[in-house]
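One letter stands for each residue in the lines below.
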Amino acid sequence: MAQYLQSGRRRDICALLADESMQAQALKSRLESTYDTRIDPQSFYAALDALEDQGFVQTRTEGIHDVYELTDAGRQRLDAHVEWLLAQVDAN
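Residues numbered from 1 in each chain as written. Predicted model: local features only at pLDDT ≥ 70, side-chain atom pairs only at ≥ 80, totals over all residues. Heavy atoms only, no water.

S.K.: Would you mind going over the pattern of salt bridges in detail, with residue names and values included?
M.R.: Taken as a whole and judged by the stated rule, the model has five salt bridges. In this structure, R30 engages E20 in a salt bridge whose closest nitrogen and oxygen atoms are separated by 3.2 Å. One end of the pair, R30, is in helix α2 (residues 24-35); the other, E20, is in the loop between α1 (8-19) and β1 (22-23), and ten residues separate them in sequence. The exposure class of E20 is partly exposed, given its relative accessible area of 40%. The salt bridge involving E62 is made with R60; its shortest N-O contact spans 2.3 Å. Under the relative-accessibility criterion, R60 is labelled partly exposed at 29%. Here the salt bridges share partners, and the residues they tie into one network are R60, E62 and E69. (Salt bridge = Lys/Arg side-chain N within 4 Å of Asp/Glu carboxyl O. Helix = DSSP H or I, 4+ residues; strand = E, 2+ residues; numbered from the N terminus. Buried < 20%, exposed > 50% of the residue type's maximum accessible area, 1.4 Å probe, protein only.)

Following this line, the structure appears as structure tokens:
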């Protein structure tokens with residue numbers, strides 16, 4: 001298994017979920033606001049599904065909505081990626 005998150009969108013989803021759990025639509029809207037562009041729904045949900053398949057994100061149900069949250073494995077992967085990124089920036 002790769003040590004770091006290999007997709008920018010997956011990394012950014014994990015970063016947004018690090019602070020709070022969110023419904024998929026709220027998460028997608030936050031990404032679109034951050035990127036200042038529309039994200040194709042199929043592409044977004046594919047990234048979310050991949051994170052869930054890898055065990056980095058999990059879904060729980062609140063009322064009639066699915067809420068996504070970062071798992072411990074997702075937090076560890078995100079922290080490792082951030083640490084690597086900071087080391088690269090500090091090295092230059």
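There is more to say, and it comes next.
S.K.: Tell me about the nonpolar core, residues and numbers included.
M.R.: Core analysis: the biggest nonpolar cluster contains 19 residues, and I13, L17, L27, F44, L48, V57 and L70 have the highest contact counts within it. Counting residues per element, the ones that place at least two in this core are α1, α2, α3 (41-53) and β3 (65-70). A total of five residues in this core trace back to one element, the largest contributor, which is α1. Those residues in contact with L27 that sit more than four places away from it in its chain are I13, L16, L17, M22, F44 and L48. (Core = buried A, V, L, I, M, F, W, Y, C linked by side-chain atoms within 4.5 Å. Contact = heavy atoms within 4.5 Å.)

S.K.: Which residues make up the packing of α2 against α3, and what values go with them?
M.R.: Where α2 meets α3, the axes come as close as 11 Å, and the angle between the chain directions of the two elements is 110°. What the angle tells us is that α2 and α3 run roughly perpendicular. As α2 packs across α3, the resulting crossing turns out to be right-handed. Across the interface between the two elements, A24, Q25, L27, K28 and L31 from α2 touch P41, F44, Y45 and L48 from α3. The residue inventory of the contact of α2 with α3, partitioned by class, reads seven nonpolar, one polar and one charged. (Axes fitted to C-alpha atoms, helices over the stretch in contact; angles between N-to-C directions. Parallel < 35°, antiparallel > 145°, perpendicular 65-115°, else oblique. Left-handed = near helix turned anticlockwise from the far one by under 90°. Nonpolar A, V, L, I, M, F, W, Y, C, P; charged D, E, K, R; others polar.)

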